[in-house]
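Below are the chains, spelled out letter by letter.
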Number of protein chains: 6
Amino acid sequence: MIMPNSLSALPKTLVTRAVQDALLEDLGSTGDLTSDSMIPEEATLIASVVNRQPGCIAGTDFIRAAMAELSHDVRVEIHQKDGSVIPAGTTIATLSGPARSILSGERVGLNFLTHLSGIATATREIVDLIDDLPVRVTCTRKTTPGLRAFEKFAVRAGGGHNHRFGLYDGVMLKDNHIAAVGGDIGTAIDQARAHIGHMVKIEVEVDTLDQLEKALPHAPDIFLLDNMSLDQLVTAVRMIDGRAIAEASGGITSKTARAIAETGVDVMSLGWLTHSAPSLDIGLDIL
Amino acid sequence: MIMPNSLSALPKTLVTRAVQDALLEDLGSTGDLTSDSMIPEEATLIASVVNRQPGCIAGTDFIRAAMAELSHDVRVEIHQKDGSVIPAGTTIATLSGPARSILSGERVGLNFLTHLSGIATATREIVDLIDDLPVRVTCTRKTTPGLRAFEKFAVRAGGGHNHRFGLYDGVMLKDNHIAAVGGDIGTAIDQARAHIGHMVKIEVEVDTLDQLEKALPHAPDIFLLDNMSLDQLVTAVRMIDGRAIAEASGGITSKTARAIAETGVDVMSLGWLTHSAPSLDIGLDIL
Amino acid sequence: MIMPNSLSALPKTLVTRAVQDALLEDLGSTGDLTSDSMIPEEATLIASVVNRQPGCIAGTDFIRAAMAELSHDVRVEIHQKDGSVIPAGTTIATLSGPARSILSGERVGLNFLTHLSGIATATREIVDLIDDLPVRVTCTRKTTPGLRAFEKFAVRAGGGHNHRFGLYDGVMLKDNHIAAVGGDIGTAIDQARAHIGHMVKIEVEVDTLDQLEKALPHAPDIFLLDNMSLDQLVTAVRMIDGRAIAEASGGITSKTARAIAETGVDVMSLGWLTHSAPSLDIGLDIL
Amino acid sequence: MIMPNSLSALPKTLVTRAVQDALLEDLGSTGDLTSDSMIPEEATLIASVVNRQPGCIAGTDFIRAAMAELSHDVRVEIHQKDGSVIPAGTTIATLSGPARSILSGERVGLNFLTHLSGIATATREIVDLIDDLPVRVTCTRKTTPGLRAFEKFAVRAGGGHNHRFGLYDGVMLKDNHIAAVGGDIGTAIDQARAHIGHMVKIEVEVDTLDQLEKALPHAPDIFLLDNMSLDQLVTAVRMIDGRAIAEASGGITSKTARAIAETGVDVMSLGWLTHSAPSLDIGLDIL
Amino acid sequence: MIMPNSLSALPKTLVTRAVQDALLEDLGSTGDLTSDSMIPEEATLIASVVNRQPGCIAGTDFIRAAMAELSHDVRVEIHQKDGSVIPAGTTIATLSGPARSILSGERVGLNFLTHLSGIATATREIVDLIDDLPVRVTCTRKTTPGLRAFEKFAVRAGGGHNHRFGLYDGVMLKDNHIAAVGGDIGTAIDQARAHIGHMVKIEVEVDTLDQLEKALPHAPDIFLLDNMSLDQLVTAVRMIDGRAIAEASGGITSKTARAIAETGVDVMSLGWLTHSAPSLDIGLDIL
Amino acid sequence: MIMPNSLSALPKTLVTRAVQDALLEDLGSTGDLTSDSMIPEEATLIASVVNRQPGCIAGTDFIRAAMAELSHDVRVEIHQKDGSVIPAGTTIATLSGPARSILSGERVGLNFLTHLSGIATATREIVDLIDDLPVRVTCTRKTTPGLRAFEKFAVRAGGGHNHRFGLYDGVMLKDNHIAAVGGDIGTAIDQARAHIGHMVKIEVEVDTLDQLEKALPHAPDIFLLDNMSLDQLVTAVRMIDGRAIAEASGGITSKTARAIAETGVDVMSLGWLTHSAPSLDIGLDIL
């Protein structure tokens, strides 16, 4: 069996820049008025990053990066790798060093970690429901502006896979596009293929089995079966018969995921993983 | 009665920069492969931004900014001002102009609008529960990194108010800070006051009525009554007796908000408004 | 027959930012010492952008953007669209307005236009050699740092197509990757597929027909047939038999392109189009 | 007695970015033509940063940051902490390491240090005149664009305190604002309070004792007593009677500061500290 | 006689970026709390920018740019061009339009204008003292970090000229450089010339007439006669005899400028123009 | 004889920023899909940077910077300094450390190195042709946008010198400028001199000996003898007679360089060095 080696990492420059911007957002022009007023410069402390809820962790790099940006003297040990599923009360990381730096960077580090772990946890919940079936859980382009790279990483950490990253790395033909070339779905696919690079895949959104039938001879790479009933999905998968990837979307939740997965689709895409998953409750305990 | 004139606006430069970055995130180095392959350059369309769920709107500026960044020729009419509470199916905005620009900028504009409207809607729900009481609903610093200005704006649009924006514009004394100056809460308050500017307020977090009593003579501006029972809150409000602002926090949801508000506190702060409110479902309908 | 509607445009924000940076690079902290010393502020002129050599044009947007950045009062008319093949001495654009702005922005605008038109011209020369054959000409990732989006656009303007844009939007398995998973090419393909999103294509580089044979059952999307002889290419194409895209690379020049194209490969990729094509000679004539 | 622990530090990311920009401003695209032409790459030197005038030091972090940006091999020892008041000829810092880096970064480091020390020195002079009185010296928003965080830090280093940092962290009601709500000062205060967050203070500018009297019942946090005579100030302080902070502004110099402080005001704000203080003469002596 | 056409303009992109950064510095994440709370969105006003002191104006572009960044609807009329010498009470500019935008942008615009006009005024005072003599007044590299382009522009507006802009556009040989090549001033000059481009000038700092004599045969472009007595300057000018530019520096103030100019030097450079000139008092009067 | 000490270095901040941007361009939001899928996180490798063609090397700093940005654990040894002329097959650098980082950064590092070495090699070829003559080879402002600092460095590495870096550090009078002041070349020179700083040189472009004669009494620093015949150049050099620098431009290639150099000109400027030199073939060999 093929096993992924490990979770692929985020480009380091992206993480550093995002953390710098978030620190400036929180520190403003003055810094941490409270810590700087109260805590002696030479004071040190040891603290644990602990989750209050069970969940799947994503974004530990941001804890490390936030501390590194504030002081070279904070030591950060990560005990739980991104993607770990842990019970409430697990120590995710231990921080030790200058008290001012740890207290000043706490919120920025946690804001990344809780947001991304919330997404990873939501993804993991869906993935676990269908783990025995040959179907993938993916996200969409409905992400929080400026955080797409990180949110898509969180989906991977939760056991999901990524859909296209933007308008630039995949074609997705919808009604309006097809209408723009005269309404014929086959013409649309052929025209797209003529236009784009040979490394780019073409996905076509179909709402009906009739559309699917018309599109099949033009060999798109993926069909987006949008808001179809379970019966329609079963039929669609049979019609496609392995000639393209079958992707279901629309209304996929923890209640419906299993049934949809059992229709035989290859991929299920869920927008809410990245735009509506609640954050995971994680805090810093000073020891 | 005093009525705010209008919802204060976001600094325009902030909105423009955020939209530019989000567009580059979605368009990458290539642009919109699908629209550019299919839609003739000269094609135009008219589209409506319509909410699929009832809610409170925030972020319409981002629709305007996304279109302006892509083309000077898209006309944007906003029909519902930020802060409006609208039933499902309301036309929030109408876009008309080059089809390519509208389709390419749709997702970026909606990603801002749905995220911020989700926060405004969650805020409005809490605010409506306690509207007849002299208590404010506020957010915290638990925001999505990079989006704090916008999320705090969404809270205002939903009828809430803002807590401090960062570590730089308010003092918040917690256990660790007080411990750092020897454990005496009064000393901590006095020392903070000596350090900071005269335009900055001091808030003290207290978990017990005993702490509250010790702190009162040192006249902090606000008390954060953290995770207190309803009874404790009632007593705390009586003890403070208008000499400081009484702020409740911890476990405030639509179920508990009314009871907490009735204790007489001045402010209720809710972290989840900005980190866990689901987005509001809003889409673009091509006419 | 399927005809692309038009050359897809560069994201406007990318063009604007690149032009701003290039103008600052040329103007420094002082501006144009010569023009500002000599030309009265109110002087105007009319000038033509004219190519001294025949070629294929790409990058006219940069002329427009450079002028817009310096003054709202320069009028720019583009007479030759990107992708046009024109004889020497053609008027590509006409500029009219403040003399200082036109003279100060001339070099920046031309530096983009001559560089990109050089790439488009080189591409067009290869494309014209094989125009009657069903084969595409593409570029690679060997681009000038910071200019990849623009250079890939120039390749499209010259009638070519784009290969992947970076390490992020396509898999390319080479010797080292295959060795890293134990040396079996099929295992490598399967592992990559398990890891990546369903919108991403997998290309495998093969140097021998033996490697090709081992890889074929694992159904990669594209084979990179690297530095193969014409005979090997013919055999490879026959072996692949339409089950994947056949891409030739290595030593493809105007001398060899026709013969390689006639082997039946689907794609030919040429690194030198973007890293070594000489710029096209284009100048500004003051009228 | 309450003693501040130490001078709160500038956010490190702010310092680094400012130093990088200043180095690029001085080095341009070519670097230090003189040093690179003359000094062998392996040459080292030792140099002292020495003040030619007595004064109060602020900005030593910038010396360290400028050297760190140019080379990891320059060793910087700071002998005088920010806020130190030192006689002329004191060694503030010692630099040792690559001669090219030290000579190339000298001016950038000194430009920050002399500017900020000039502000700290001016502040310290005023503070020393009134040190026995319970009154604070503060700056205003009249700062050099882009340097506000650093200039406000210099004021703190000189023993002063900071006023609000911008339009975002404090309300300041002036004539025009009051006129905009109909001219009643009490309405203005109440309306501002309804609008802003509970962590934000409200200051009202009053020119006459009559305005003061009308405003007092509305309980603003601070009164700005603008350009009042000494007699008026004495009366105003008596009228306020501790119910708000009394701040004097207008024409406060080393000649007038003592008399104004003796009126009993709590705060004196001086714009010229940040916009017109001459720089402190500090140079680099090669040993 | 040769007359400069007009004061050369600042690169527009530089002005826009500086104004955007300064606005964000002042508006933070929230904007102008006071104006947004008090002023109705639709309110308009007319205001004048008026100087409280006589002086020489520089930086009016920043008023225009600050308003443009906040609203397209503010109309800005500049009545006094940069470089104008005006009595106190002159209307420099008139602003009309949305009250919120004008009040929110006032301080940023004025902070640039008062700072740069202070430099222009100081420069003009020195220039006027020596106007009948063939000598130039110039600034140095002792500028406020991040503002060099603008401060050097202000010097030009005040009738002065610019020295080199950084380490990149001119060679300045000092003791340490000469020592690094063995101590011979002629060797140093020759080596610099071998190294640098042919468009770059070489200046040599000399403290004694002996050094001057040794350097003269090596034909540097400029001599920096540092801290020489009037007698020494007279002799130095005679020795140089037009073969190089003679530049005096050190201790040049309004008291000493005339006498130094009369020694016959070509250029006088003054560091304090850019690092210690007080700002010019300019305010906004609402009409 | 005077020997330059060493090749002056690029400002480190410029190199770092350019490498960060180039890495983001190649890694996008996802990183290196291929390496991250295939290579275990802990795998290491050793690799050599080797040139496939003989040439002159420039840009080794970029190899070091690209690796440093991706991982602190890659060790980079540079064996050939910038400016070295080496036969094909020379090991320029050795990299050892994490396999993922080395493979992910390879292309970005090489894209800089091959581009800059191509320019250095082209420059060195021309320089070698005329090495025994007292004439310099320089570049122009016809550079690739965004890369001017680096391309000018490559010219220096190849034994050439730099012309002005932009419009800001030198005056270049051409026909249009002269026409703008009424057509008299002497007036133009005098007016430019009155306008600019005393550290800036003035170059005048002349096409005829007649223009040269008219300009000579006005003592410009350099004459650009544009597209003159060999005979004209000889005459021009004689007329100038050491009173200014004589620079030839137009049509200078390896075929014509020797003859033009023998006319006695001081400088030859070649645009194609920076806009049309092919890149040098350099690759990474995994050991």
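This one's a predicted model, so the numbers in the text were calculated from it and none came from an experiment.

Novice: How should I be thinking about the side chain of Ser101 of chain E in this particular structure?
Specialist: All names here are of chain E. In this fold, Ser101 is placed in helix H4 (residues 99-129). Overall, the relative accessible area of 12% leaves Ser101 in the buried class. Sequence-distant contacts of Ser101, defined by excluding residues within four places in its chain, comprise Met67, Leu70, Ser71 and Val74.

Novice: What am I meant to see in the relation of the copies chain C and chain F here?
Specialist: Related by rotation about an axis and a shift along that axis, the two copies of the chain form a pair. Screw-axis analysis of chain C against chain F gives a translation of 0.0 Å along the axis, an RMSD of 0.0 Å, and a rotation angle of 180 degrees. Both copies of the chain, as the preceding transformation shows, are related through a two-fold rotation axis. Most of the interface of chain C is mirrored in chain F, where 100% of its interface residues again form contacts.

Novice: Would you mind showing me how to read the packing of aromatic side chains here?
Specialist: What describes a pair of aromatic rings is the distance from one ring centre to the other and the angle between the planes of the rings. For the structure shown, the criterion picks out 21 aromatic pairs over all chains. Note on Phe62 of chain A and Phe112 of chain A: the rings are 4.2 Å apart at their centroids and 10 degrees apart in plane angle, and the pair reads as stacked. Pair noted here: Phe62 of chain A is in helix H3 (residues 60-70) and Phe112 of chain A is in helix H4 (residues 99-129), with a separation of 50 residues, a long-range link. Plain terms: the ring middles of Tyr168 of chain A and Tyr168 of chain C are 6.0 Å apart, the flat faces sit at 80 degrees to each other, and that makes the pair edge-to-face. Note that Tyr168 of chain A is positioned in the loop between helix H5 (148-157) and strand E7 (171-173) and Tyr168 of chain C in the loop between helix H5 (148-157) and strand E7 (171-173), a pairing that runs across two chains. Residue class for Tyr168 of chain C comes out buried when judged on its relative accessible area of 5%. Aromatic rings pair up to connect Phe62, Phe112 and Phe150 of chain A into one cluster.

Novice: Which parts of the structure should I look at to understand helix H7 (residues 185-195) of chain B?
Specialist: The periodicity of an α-helix, 3.6 residues per turn, causes residues three or four positions apart to be oriented the same way. Those residues of H7 of chain B not exposed but buried are Ile185, Gly186, Ala188, Ile189, Gln191, Ala192 and His195 of chain B. Looking at the buried residues of H7 of chain B, the elements they touch are helix H2 (33-38) of chain A, strand E7 (171-173), helix H6 (175-180), strand E8 (202-206) and helix H8 (209-215) of chain B together with strand E6 (136-138) of chain D.

Novice: What exactly am I supposed to notice about the interface of chain B and chain A here?
Specialist: At the junction of the two partners, chain B supplies 56 residues and chain A supplies 56 residues. Note on chain B versus chain A: buried area summed over both sides is about 4,500 Å², and carbon and sulfur give 58% of it. One can count 4 salt bridges joining chain B with chain A. Close ionic contact of Arg148 of chain B with Asp26 of chain A constitutes a salt bridge, the shortest N to O distance being 2.5 Å. Joining chain B to chain A, the criterion identifies 28 residue pairs in polar contact (both at pLDDT 80 or more). Secondary structure elements with two or more residues in the side of chain B that touches chain A: helix H1 (12-27), helix H2 (33-38), helix H4 (99-129), helix H5 (148-157), E7, H6 and H7 of chain B. Here the residues of the side of chain B that touches chain A sort into 25 nonpolar, 21 polar and 10 charged.

Novice: Sorry, what's going on with the packing of helix H1 (residues 12-27) of chain D against helix H4 (residues 99-129) of chain D here?
Specialist: When two helices pack together, you describe them by how their axes are tilted relative to each other and by the distance separating the axes. Residue and element names in this part refer to chain D. The contact between H1 and H4 brings their axes to 10 Å, and the two run at 125 degrees. Between H1 and H4, the crossing angle belongs to the class labelled oblique. Our pair here, H1 against H4, has a crossing hand that is right-handed. Contacts between H1 and H4 involve Ala18, Val19, Ala22, Leu23, Asp26 and Leu27 from the former and Ser104, Gly105, Arg107, Val108 and Phe112 from the latter.

Novice: When you look at helix H9 (residues 230-240) of chain D in this model, what are you seeing that I'm missing?
Specialist: All names here are of chain D. If you check which residues of H9 are buried, you get Leu233, Ala236 and Ile240. Buried residues of H9, viewed axially, fall in a sector of 65 degrees; they line one side. Across from the buried face of H9, at angles greater than 90 degrees, the exposed residues are Asp231 and Arg238. Lining the buried residues of H9 we find helix H8 (209-215), strand E9 (222-226), strand E10 (245-249) and helix H10 (257-261).

Novice: Any chance you could explain the interface of chain C and chain F here in plain terms?
Specialist: One frequently used descriptor of interface size is the decrease in accessible area upon assembly of the parts. Taken together, the contacts link 56 residues of chain C with 56 residues of chain F. Carbon and sulfur atoms make up 58% of the area that chain C and chain F hide from each other, which totals about 4,500 Å². For chain C, the biggest contributors to the area lost against chain F are Glu25, Met38 and Leu167 of chain C; these three give 16% of the whole. At the junction of chain C with chain F, the criterion picks out 4 salt bridges. Linking chain C with chain F are 28 residue pairs in polar contact (both at pLDDT 80 or more). Of all elements in the fold, only helix H1 (12-27), helix H2 (33-38), helix H4 (99-129), H5, E7, helix H6 (175-180) and helix H7 (185-195) of chain C reach the threshold of two or more residues within the side of chain C that touches chain F. A per-class count over the side of chain C that touches chain F returns 25 nonpolar, 21 polar and 10 charged.

Novice: Would you mind showing me how to read the side chain of Glu247 of chain A here?
Specialist: Note that Glu247 of chain A resides in strand E10 (residues 245-249). Of the side chains with opposite charge, Arg164 of chain A lies nearest to the buried Glu247 of chain A, which makes no salt bridge, at 8.7 Å.

Novice: When you look at the sheet that holds strand E9 (residues 222-226) of chain A in this model, what are you seeing that I'm missing?
Specialist: The strands making up a sheet associate through backbone hydrogen bonding, with each pair oriented either parallel or antiparallel. Residue and element names in this part refer to chain A. The sheet built from 6 strands is open, its strands ordered E6-E11-E10-E9-E8-E7 with parallel pairing. Because the sheet does not close on itself, it has two edges, and the strands there are strand E6 (136-138) and E7. Averaged over all pairs of adjacent strands, the angle between their axes in this sheet comes to 25 degrees, without regard to strand direction. Examined bridge by bridge, E7 and strand E8 (residues 202-206) share 3 bridges and lie parallel to one another. Counterpart to Met172 in the pairing with E8 is Glu203. Its contacts with the sheet put helix H7 (residues 185-195) on E7 and E8, and the angle it makes with E8 is roughly 160 degrees.

Novice: What is the right way to read the environment of Thr91 of chain A from this model?
Specialist: All names here are of chain A. Within the secondary structure, Thr91 sits in strand E5 (residues 91-98). Separated by 45 residues in sequence, Thr91 and Arg136 have C-alpha atoms that sit 30 Å apart. Excluding anything up to four places from it in sequence, Thr91 contacts Ser48, Val49, Val50, His79 and Gln80.

Novice: Would you mind showing me how to read the domain arrangement of chain A here?
Specialist: Residue and element names in this part refer to chain A. Segmenting chain A into domains produces domain 1 (12-128 + 277-286) and domain 2 (130-275). Taken residue by residue, the interface counts 22 residues in domain 1 and 24 residues in domain 2. A buried area of about 1,700 Å², summed over both sides, lies between domain 1 and domain 2, and 73% of it is on carbon and sulfur atoms. Linking domain 1 with domain 2 are 0 salt bridges, by the criterion used here. Joining domain 1 to domain 2, the criterion identifies 6 residue pairs in polar contact (both at pLDDT 80 or more). Every element with two or more residues in the side of domain 1 that touches domain 2 is listed here: helix H1 (12-27) and H4. When grouped by side-chain class, the residues that make up the side of domain 1 that touches domain 2 number 15 nonpolar, 4 polar and 3 charged.

Novice: Just checking my understanding: could you explain the pattern of salt bridges for this structure?
Specialist: Any two side chains of opposite charge can pair, so long as their charged atoms come close to each other. With the rule as written, the count across this model stands at 60 salt bridges over all chains. Between Asp132 of chain A and Arg258 of chain A there is a salt bridge, with the nearest N and O atoms lying 2.7 Å from each other. Of the two residues, Asp132 of chain A sits in the loop between H4 and E6 while Arg258 of chain A sits in helix H10 (residues 257-261), which places them 126 residues apart along the sequence. Relative accessible area serves as the criterion here: at 57%, Asp132 of chain A is assigned to the exposed category. Taking the shortest distance from any N to any O, the salt bridge between Asp128 of chain F and Arg124 of chain F comes out at 3.1 Å. One end of the pair is Asp128 of chain F and the other is Arg124 of chain F, both in helix H4 (residues 99-129) and 4 residues apart, which spans about a single turn. For Asp128 of chain F, a relative accessible area of 45% puts it in the partly exposed group. In the salt-bridge network here, residues are joined through shared partners; they are Asp26 of chain A together with Arg141 and Arg148 of chain B.

Basis of the calculations
Residues numbered from 1 in each chain as written. Chains lettered and ligands numbered in written order. Predicted model: local features only at pLDDT ≥ 70, side-chain atom pairs only at ≥ 80, totals over all residues. Heavy atoms only, no water. Helix = DSSP H or I, 4+ residues; strand = E, 2+ residues; numbered from the N terminus. Buried < 20%, exposed > 50% of the residue type's maximum accessible area, 1.4 Å probe, protein only. Contact = heavy atoms within 4.5 Å. Least-squares fit on C-alpha atoms with pLDDT ≥ 70 in both. Phe/Tyr/Trp six-rings, centres within 6.5 Å; stacked < 30°, edge-to-face > 60°. Buried area = accessible area lost by both parts, 1.4 Å probe. Salt bridge = Lys/Arg side-chain N within 4 Å of Asp/Glu carboxyl O. Polar contact = N/O pair within 3.5 Å; in protein donor to acceptor, adjacent residues only side chain to side chain. Nonpolar A, V, L, I, M, F, W, Y, C, P; charged D, E, K, R; others polar. Axes fitted to C-alpha atoms, helices over the stretch in contact; angles between N-to-C directions. Parallel < 35°, antiparallel > 145°, perpendicular 65-115°, else oblique. Left-handed = near helix turned anticlockwise from the far one by under 90°. Arc of directions from axis to C-beta. Lys, Arg positive; Asp, Glu negative; His and termini not counted. Pairing = 2+ DSSP bridges. Domains from an automatic or database assignment.

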